[in-house]
Amino acid sequence: MRTRRTIAPYLFVLPCVLMLAVFVYMPLIQNFFYSFQNISLLSGKSSFAGFDNYKTLFSDPVVGKALINNVKYAVISLIFQVGFGLVLAAILEEEFLRKVSAVFRTIFFIPVIISITVICLLFSFVYNPTDGLLNMFLQAVGLDSWAKPWLGSGTTAIYAVIAVSQWQSIGYCMMLFIVAIQKIPRDLYEAAKIDGAGKIKIFFSITLPQVKEMIFVNSLLTITGAFMVFNEPFILTKGGGPGTSSITIAVLMYQNGFVRDSMGYAATISLLIFAITAVLALIQTLSFRTGKGD
Amino acid sequence: MAGKLSIYRLIVLLPLLVGVVLVVYPLFWMVSSSFKSYDEIFGSVWNLPSEWLFSNYVTAWTKGIGNYFMNSVIVTVSTIAGVVIIASLCAYGLSRFRFRYSKTLFLFVLGGMMLDPQVCLVPLYKLLQNLNIHNTYFALILPYIAFRLSIAVLLIRSYFLGIPKEIEESATMDGCSVFRTYLSIFLPMSLPIIMTTIILTSYYAWNEFLFSIIFIDSDKYRTIPAGLMNFKDALSTDWGVLLAGLVISSMPLIILFIFMQKYFIQGMSDGSVKG
Amino acid sequence: MYRMGRKLGLLMLAGLLVVLTACSSNNSSTAANGNGNGESEGKTTTLKFFHRWPNEPRNSYFNYIKEEFEKQNPGVKIEMESVLNDNYKEKIKVLVSSGDIPDVFSSWSDSFAESLVSSGRVEDLSSMYDSDPDWAKTLVQNQLKSFTFDDKIYGVPFTMDGKVFFYNKKIFSKLGLEKPKTWDEFIALLDKLKAAGYDTPIIEGLQDSWAVGHYLGTMNQRMLSPEVLATDYAVGTGQFTDPGYLQVLKYWQKLSSYMGPNATSVNHEATRNMFIAGEVPIHYLQFAELGYLKDKPDLEFDYFNFPQFSEGKGNAEGLTGAPEGFMISKETANKELAEKFVKFIVSPENAAKFQQDVGSMTTVIGAATKENSPPGTLEAIDVIQNAAETTPWLDNAVDASVADAFMRGGQAIAADIETPENVLKEVQAAAAKLKAVKK
């Protein structure tokens, strides 16, 4: 390590710091200023708003609705992506599947690589009430009564949207779990086998504890992702419809900023998103440190 | 024992195969329908095309996807170049020098990871307008670079830290300058992590949606994710062509994945960063 | 050697910074020149043209216009951009307010146009009309008022429109049904159709929130007195406390219940196709959509205006629908060329071509003939010209946030997840917020 006093290191770091300062930190701070203003892009005018935007934030019933949808997103994603993702990974690491598991892995991972725009447009075909794959399949197998206007009904829209995210992302969690499982020492499994432990017991007594750090990481990632969901409701239900039944907090921010032309309020909503995700990220960073420590 | 095992296997395999069908069928349908005419897409949903309309792909490409595709290539490649250069410089500065504010600066850089791009949407939008680069390639490239830097620095820095001091020292003895050492020793030695960075960045830049619909107004600069939305509106009911467009849009990353699976998985698990 | 390295590093950083700053300062010019389209620089005059019709058949028509104009005017390059509907609405507002305004752009009429005009960046075109009265006479005169504010004309209307209920004549005559005049007759008609086996006697693609807006706009106009409407629609004075609004939303609840459970999950285009295919007997359509109906020649159709409510205070003969047209930027460097281009689009020949290719009507007198127009066009032009009163689309008539509250609320009512009372509260809240912001 060089310890000479020199400006060289600063020069190396400068472009990076500059980029982050201008395009990441400055906008974040500006949000605070904007949140105290009424800003209209349309007229180009802005005025001081005091705490009005914050008052709206806490009284706006749609904010609550959106947050509930985000929570639904988080809970369902935890079950499917983290829960089923782990089970899937454990199964694919089974000995008798060793030869074919690479094929399965690739298949489950492909949706992860496909752009969410493509996937949402594809699923708007799947969900089409009259000609969609899903309803046609249900009719073909005689479950006509199950066929629904999935994206158009207030009761199913949010779940139909969430389902698309599960379809896309389960492979991602699975892959992370596979990487973690592969790091588990083989002799642990050998020993358990000699003790005569069953598959399920091995899963709960060895696999699960050994990957608990990855479970934690995956859970946090999934929850954070759930609070930032934008693309799926934006495309599939045209911005959270019908009404606001499938709206998420990020879509609400977009609507206020770019449809209703109240940028100040949109900035206030971004601060709410920031608060939620920053807490989650902080938990992750802190626990990573302690995790590495022990 | 064997009988018991095969029942177990059956119980395991059955849901697994159902899962495969759930994942594969929609994709298969997308590809096969992309060769169909409008009537056939809805008329014979479950069949293969009676006549394979490769013309759908030609139409999709010429009616807009080709343009969006090239824009995506330009934006993605520029973003990759920017991220790799700026992040590796920064990582080098942070890992090979001990200087007064190195810890603070490292934290500053890392902090960027805690911020999701959408939080900055409104101010960024105004910033880009003030800089007069709204609705140009730079409106996407610069924010994309900025938001990928933190993770890239983190990855590259820890790799640099793993490069033995002796190598660097011998380079200095041979008369290499600091910058030379970075350029001709550190960069080539870190190819694996650079590859990982490239893949993570291209994954992000190719698929990013929110910025691309807001920061770009004109079709000329629109990248694939935003372009597809416009493409869909413009086509009205030409579903075969739309589906062909969807397939074309997905190909580059699928190909990248097939050839670089190792780096992909490495990158995803190192970065643990979801799009 | 060490110092050498420092210098190199500096150089590289400097290079990087140059790249970064260069992009920020130069780039609007790169955008304008469009990098290497192989034309000799300096000689070409570029006109930026932004419109809202990227979809066929209009897209091809505007491509033709662009090419033809460039052919007739060597050295002129039209840089054309387009995005659809709702997106266009957002984009053009932003472009106008940010000053990055295209030379020529399309606009809706009335309050939408007015809000663009209020930016002070839209050219007053009165002199264009005054200096060329022969040209000015070619346009349907009652359409000009939609672009006139403070006695100045800020736009050139091009398309003309009206929204009415289209119905399938064969189905009506088979069941012995007649055009309804009042709301009660209309509901009775829907019930009869339902009894005759049409589960959805009327439908609309309610996933498109603007489609909801088209209904609510007309219903508000029919229900409320013009004075009340004017006060509530104006930014800053809107309260929406008249009981008529609640009644409208209740009627909407009733009407949307006939549209079936799928209505909120499909778009307008899909439901229009259902009407064309004869699956649904009634559809609320724009005259501009006549062109789509000719695709199926055995479809026999006719139309009737929105029926009046018995308690309605608005003009029962009013027609919802407004012209769309073109505006010119005040900041354009080529005002004459821009005017020439607009006149080129609305020239009788090109208007006739639009009528022929697109099938919907223009404000250009005589552009539509029996030969080049889909059936029903000439009658429709009569209807529009003689309309007692024209009402702009709801989303053009009120501020975006109030319109959004109406449209999303209407969608929620149709999906049966919200009550008219709650939706009205949302509308009132949006209007109150506007009041606070704009004062």
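In this text the structure is predicted, and so the values were computed from the model without any measurement.

Caption draft 1: Expanded view of the interface of chain A and chain B. Between chain A and chain B, the contact holds 84 residues from the first and 94 residues from the second. Summed over both partners, the interface of chain A with chain B comes to about 8,500 Å²; 81% of that surface belongs to carbon and sulfur atoms. Our count for the contact surface shared by chain A and chain B stands at 0 salt bridges. Where chain A meets chain B, there are 9 residue pairs in polar contact (both at pLDDT 80 or more). Of all the elements, helix H1 (residues 8-34) of chain A adds the most residues to the side of chain A that touches chain B, at 21 residues. Taken together, the residues of the side of chain A that touches chain B sort by class into 66 nonpolar, 13 polar and 5 charged.

Caption draft 2: Geometry of the packing of helix H8 (residues 186-194) of chain A against helix H9 (residues 199-210) of chain A. All names here are of chain A. As a packed pair, H8 and H9 sit with axes 11 Å apart at the nearest point and diverge in direction by 165°. One element, H8, and the other, H9, form an angle in the roughly antiparallel class. Crossing hand, H8 versus H9: right-handed. Every residue of H9 that contacts H8 at Leu188, Tyr189 and Ala192 is listed here: Ile202, Ile206, Thr207 and Gln210. The residue makeup of the contact of H8 with H9, split by class, is 5 nonpolar, 2 polar and no charged.

Caption draft 3: Main features of the packing of aromatic side chains. Applying the stated criterion across every chain yields a total of 82 aromatic pairs over all chains. Summarising the aromatic geometry, the rings of A:Phe125 and B:Trp239 are spaced 5.1 Å apart at their centres and angled 85° between planes, so their arrangement reads as edge-to-face. With one member in each of two chains, A:Phe125 in helix H5 (residues 116-126) and B:Trp239 in helix H12 (residues 239-259) form a pair that bridges those chains. Neither residue differs from the other here; A:Phe125 and B:Trp239 are each classed as buried. Look at C:Tyr61 and C:Phe354: their rings are 5.0 Å apart centre to centre, the planes differ by 75°, and that puts the pair in the edge-to-face class. Note that C:Tyr61 is positioned in helix H2 (residues 58-72) and C:Phe354 in helix H15 (residues 348-358), a separation of 293 residues in sequence. Through a chain of ring-to-ring contacts, three or more aromatic side chains come together here, namely C:Phe165, C:Tyr167, C:Phe172, C:Trp183, C:Phe186, C:Tyr215, C:Tyr251, C:Trp252, C:Tyr284, C:Phe304, C:Phe306 and C:Phe309.

Caption draft 4: Local environment of the UniProt feature "transmembrane region" (unreviewed entry) in chain A. All names here are of chain A. Within this numbering scheme, the UniProt entry marks residues 7-28, 73-92, 104-127, 157-181, 202-230 and 263-283 as carrying the feature "transmembrane region" (unreviewed entry). Taken end to end, residues 73-92 is 100% helix and 0% strand, and its first and last C-alpha atoms sit 26 Å apart. Across residues 263-283 one finds 100% helix and 0% strand; the C-alpha atoms that close the span lie 30 Å apart.

Caption draft 5: Fine view of the pattern of salt bridges. Enumeration over the complete set of coordinates arrives at 24 salt bridges over all chains. Of the charged contacts, one joins C:Glu418 and A:Lys65 as a salt bridge, the two residues approaching to 3.8 Å between their closest N and O atoms. Taken together, the residues C:Glu418 in the loop between helix H18 (400-414) and helix H19 (420-438) and A:Lys65 in helix H3 (residues 61-92) connect one chain to another. Residue A:Lys65 is classed as partly exposed on the basis of its relative accessible area of 34%. Residue C:Lys71 pairs with C:Glu68 through a salt bridge whose shortest N-O separation is 3.7 Å. Taken together, the residues span about one helical turn, with C:Lys71 and C:Glu68 both in helix H2 at a distance of 3 residues. Here C:Lys71 falls in the exposed class, since its relative accessible area comes to 63%.

Caption draft 6: Structural context of the UniProt feature "domain: ABC transmembrane type-1" (unreviewed entry) in chain A. Those residues carrying the UniProt feature "domain: ABC transmembrane type-1" (unreviewed entry) are residues 67-284 of chain A in this numbering. Across residues 67-284 of chain A, helical content stands at 73% and strand content at 0%; the span's end C-alpha atoms are separated by 21 Å.

Caption draft 7: How the structure looks around the nonpolar core. In this structure, A:Phe108, A:Phe230, B:Ile214 and B:Phe215 are the most contacted members of the largest nonpolar core, which totals 203 residues. Residues C:Tyr167, C:Val212, C:Tyr215 and C:Leu424 belong to the second largest nonpolar core, which totals 54 residues.

Caption draft 8: Here's a closer look at the state of the cysteines. Within this structure, the stated rule accounts for 0 disulfides over all chains. Here A:Cys16 stays unpaired: no disulfide links it, and the sulfur of B:Cys90, its closest cysteine neighbor, is 3.7 Å away.

Caption draft 9: Representation of the interface of chain C and chain A. Every contact between the two is made by 33 residues of chain C and, on the other side, 45 residues of chain A. Carbon and sulfur atoms make up 58% of the surface buried where chain C meets chain A, a total of about 3,200 Å² over both sides. A salt bridge links C:Asp404 to A:Arg260; the shortest N-O distance between them is 2.7 Å. Inspection of the chain C/chain A interface yields 9 residue pairs in polar contact (both at pLDDT 80 or more). Mapped by element, the contributors of at least two residues to the side of chain C that touches chain A are helix H1 (2-33), helix H3 (85-98), H18 and H19 of chain C. A class-by-class count of the residues in the side of chain C that touches chain A yields 15 nonpolar, 9 polar and 9 charged.

Caption draft 10: Structural detail: the domain arrangement of chain C. Residue and element names in this part refer to chain C. You can read the domains of chain C as domain 1 (39-161 + 322-385) and domain 2 (163-321 + 393-438). Where domain 1 abuts domain 2, roughly 1,700 Å² becomes buried across the two surfaces, and 52% of that area is made up of carbon and sulfur atoms. The largest share of the area that domain 1 buries against domain 2 comes from Ser111, Asp161 and Ala322, three residues that together contribute 28% of it. Our count for the contact surface shared by domain 1 and domain 2 stands at 1 salt bridge. Across the contact surface, domain 1 and domain 2 share 8 residue pairs in polar contact (both at pLDDT 80 or more). Sorting the residues of the side of domain 1 that touches domain 2 by element identifies H3, helix H4 (110-117), H15 and helix H16 (377-385) as the ones contributing at least two each. Per-element accounting of the side of domain 1 that touches domain 2 gives the leading share, 5 residues, to H16.

Caption draft 11: Broad picture of helix H8 (residues 183-195) of chain C. Residues and elements named next belong to chain C. Given a rise of 1.5 Å per residue, 13 residues ought to cover 18 Å, and the 18 Å separating the end C-alpha atoms of H8 matches this to within 8%. Turning to H8, its buried residues are Trp183, Phe186, Ile187, Leu189, Leu190 and Leu193. Looking straight down H8, one finds its buried side chains confined to an arc of 155°; they lie on one side. Opposite the buried face of H8, by more than 90 degrees, sit the exposed residues Asp184, Lys192 and Ala195. Among the residues trailing H8, Gly197 stands out with phi positive, at a value near 105°.

Caption draft 12: Molecular detail of the side chain of C:His283. All names here are of chain C. Mapping His283 onto the fold places it in strand E9 (residues 282-286). Polar side-chain contacts of His283 include one of 2.9 Å to the side chain of Thr271. If sequence neighbours within four positions are ignored, His283 has contacts with Val164, Phe165, Phe166, Ile203, Glu204, His268, Thr271, Arg272 and Phe275.

Caption draft 13: Structural detail: helix H7 (residues 157-182) of chain A. When the terminal C-alpha atoms of H7(A) are compared, their 38 Å separation across 26 residues agrees well with the 38 Å that a helix rising 1.5 Å per residue should span. Most of H7(A) is tucked away: 23 of the 26 residues are buried.

Caption draft 14: Main features of the pairing of strand E7 (residues 163-168) of chain C. All names here are of chain C. Burial analysis of E7 places 6 of its 6 residues in the buried class, the great majority of the element. As paired elements, E7 and E9 share 5 bridges and run antiparallel to each other. Among the inter-strand pairings, Tyr167 is bridged to a residue of E9, identified as Ile282. Judged from the 4 bridges that link them, E7 and strand E10 (residues 301-304) form a sheet pairing that is antiparallel. Across the sheet, Phe166 pairs through a bridge with Tyr303, a residue of E10.

Cut-offs and rules
Residues numbered from 1 in each chain as written. Chains lettered and ligands numbered in written order. Predicted model: local features only at pLDDT ≥ 70, side-chain atom pairs only at ≥ 80, totals over all residues. Heavy atoms only, no water. Contact = heavy atoms within 4.5 Å. Buried area = accessible area lost by both parts, 1.4 Å probe. Salt bridge = Lys/Arg side-chain N within 4 Å of Asp/Glu carboxyl O. Polar contact = N/O pair within 3.5 Å; in protein donor to acceptor, adjacent residues only side chain to side chain. Helix = DSSP H or I, 4+ residues; strand = E, 2+ residues; numbered from the N terminus. Nonpolar A, V, L, I, M, F, W, Y, C, P; charged D, E, K, R; others polar. Axes fitted to C-alpha atoms, helices over the stretch in contact; angles between N-to-C directions. Parallel < 35°, antiparallel > 145°, perpendicular 65-115°, else oblique. Left-handed = near helix turned anticlockwise from the far one by under 90°. Phe/Tyr/Trp six-rings, centres within 6.5 Å; stacked < 30°, edge-to-face > 60°. Buried < 20%, exposed > 50% of the residue type's maximum accessible area, 1.4 Å probe, protein only. UniProt positions renumbered as here; feature names shortened; annotations may be inferred. Core = buried A, V, L, I, M, F, W, Y, C linked by side-chain atoms within 4.5 Å. Disulfide = S-S within 2.5 Å. Domains from an automatic or database assignment. Expected span 1.5 Å × (residues − 1). Arc of directions from axis to C-beta. Pairing = 2+ DSSP bridges.

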